[in-house]
Amino acid sequence: MTLAWDVSRTSGQGGIRLDWEERQGWYYALTGLNSYDVLLYTVITALRTPIADPERVADVAEELVRFRRLPDVEYREEWDGAQEVRAAADDFRRGRLGLGPLRLRKDGTAPREGAGRVGS
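Values in this document were obtained by computation on a predicted structure and should not be read as measured data.

**Q** Help me understand helix α1 (residues 54-67) in this model?
**A** In an α-helix there are 3.6 residues to a turn, and that puts residues three or four apart on one side. In a regular helix each residue adds 1.5 Å, so 14 residues correspond to 20 Å; α1 covers 20 Å between its end C-alpha atoms and thus fits that length. Among all positions in α1, only V57, V60, A61, E63, L64 and V65 are buried. Check the buried side of α1 and you find it contacts β1 (2-5), β2 (15-21) and β3 (25-31). Of the residues flanking the start of α1, the one acting as N-cap is D53, its side-chain oxygen 2.7 Å from the backbone nitrogen of E55. Just downstream of α1, R68 is the residue with a positive phi angle, here 55°.

Here it is in structure tokens:
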């Protein structure tokens, strides 16, 4: 996922871009007048979990867009919806391989592959 603010939306001489990768977490880029001209690209140290609470992500983004700096706090808590995000990503990957989705049980755990089939 990528969130981007061009130079017209930021306080500096360029834009800001936030990138998210499922296993790596959040990174940010300071860009020049051309959004493809990356001046700095680094991890967002304030977000210490790959699937951070969206409100904390918004707090960090606001600090970057308004002041071009990271906040002085660290957010270590994972978002309450993280398990559903991971399940959706797993189902997406399974779908790309032609496999059906894995449904979470009511207790929040995934069923074993092949569970529930006759003869299993």
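Further notes follow.
**Q** Any chance you could explain the packing of aromatic side chains here in plain terms?
**A** The geometry of an aromatic ring pair is captured by two quantities: the separation of the ring centres and the angle between the planes. The full count for this structure, using the stated rule, is two aromatic pairs. Taken together, a centroid distance of 6.5 Å and an interplanar angle of 45° make the contact between W20 and W26 tilted. Taking the centre distance of 5.6 Å and the plane angle of 5° together, the rings of Y27 and Y41 count as stacked. Separated by 14 residues along the polypeptide, Y27 in strand β3 and Y41 in strand β4 (residues 38-43) bring together distant segments of the chain. Overall, the relative accessible area of 19% leaves Y27 in the buried class. If you follow R69 out to its NZ or CZ, it ends over the ring of F67, 4.7 Å from the centre.

**Q** Before we go on, may I ask you to explain unusual backbone geometry in this structure?
**A** Outside of glycine, negative phi angles account for most residues, and trans bonds account for most peptide bonds. Phi is positive for R68, which is not a glycine, with a value near 55°. Assignment of secondary structure puts R68 in the loop between α1 and α2 (82-96). In this structure R68 comes out as partly exposed when scored by relative accessible area, which is 25%.

**Q** Would you take a moment to explain the nonpolar core for this structure?
**A** When a protein is soluble and globular, its nonpolar side chains tend to lie buried together. Grouped together as the largest cluster of nonpolar side chains are 19 residues, with contacts concentrated most on L18, W26, Y28, I44, L47, V60 and L64. Secondary-structure elements contributing two or more residues to this core are β2, β3 and α1. Per element, the largest residue contribution to this core is five residues, and it comes from α1. For L64, the contacting residues outside a window of four places in its chain are I16, L18, Y28, R69 and L70.

**Q** Is there a simple way to think about the pattern of salt bridges in this case?
**A** Pairing between side chains of opposite charge can happen when the charged atoms of each approach one another. Tallied over the full model, the rule gives eleven salt bridges. R56 is the partner of D59 in a salt bridge, and the nearest nitrogen-oxygen pair spans 3.1 Å. Remark: R56 and D59 occur in helix α1; sequence separation between them is three residues, near one turn of the helix. With its nearest N and O atoms 2.8 Å apart, the salt bridge here joins E63 to R69. Members of the salt-bridge network, linked through shared partners, are E22, R23, D90 and R93.

**Q** Would you explain the sheet that holds β1 in this entry?
**A** Hydrogen bonds between backbone atoms are what pair the strands of a sheet, whose relative direction is either parallel or antiparallel. Strand order in the open sheet formed by four strands is β1-β2-β3-β4, and the pairing between neighbours is antiparallel. Only two strands of the sheet have a single partner each, and these edge strands are β1 and β4. Between one strand and the next, the sheet's axes are offset by a mean angle of 15°, whatever the strand orientation. Direction of pairing for β2 relative to β3: antiparallel, over a ladder of seven bridges. What sits directly across from D19, in β3, is Y27.

Here is what the cut-offs are and how they apply
Residues numbered from 1 in each chain as written. Predicted model: local features only at pLDDT ≥ 70, side-chain atom pairs only at ≥ 80, totals over all residues. Heavy atoms only, no water. Helix = DSSP H or I, 4+ residues; strand = E, 2+ residues; numbered from the N terminus. Expected span 1.5 Å × (residues − 1). Buried < 20%, exposed > 50% of the residue type's maximum accessible area, 1.4 Å probe, protein only. Contact = heavy atoms within 4.5 Å. Polar contact = N/O pair within 3.5 Å; in protein donor to acceptor, adjacent residues only side chain to side chain. Phe/Tyr/Trp six-rings, centres within 6.5 Å; stacked < 30°, edge-to-face > 60°. Lys NZ or Arg CZ within 6 Å of the ring centre and 35° of its normal. Core = buried A, V, L, I, M, F, W, Y, C linked by side-chain atoms within 4.5 Å. Salt bridge = Lys/Arg side-chain N within 4 Å of Asp/Glu carboxyl O. Pairing = 2+ DSSP bridges. Axes fitted to C-alpha atoms, helices over the stretch in contact; angles between N-to-C directions.

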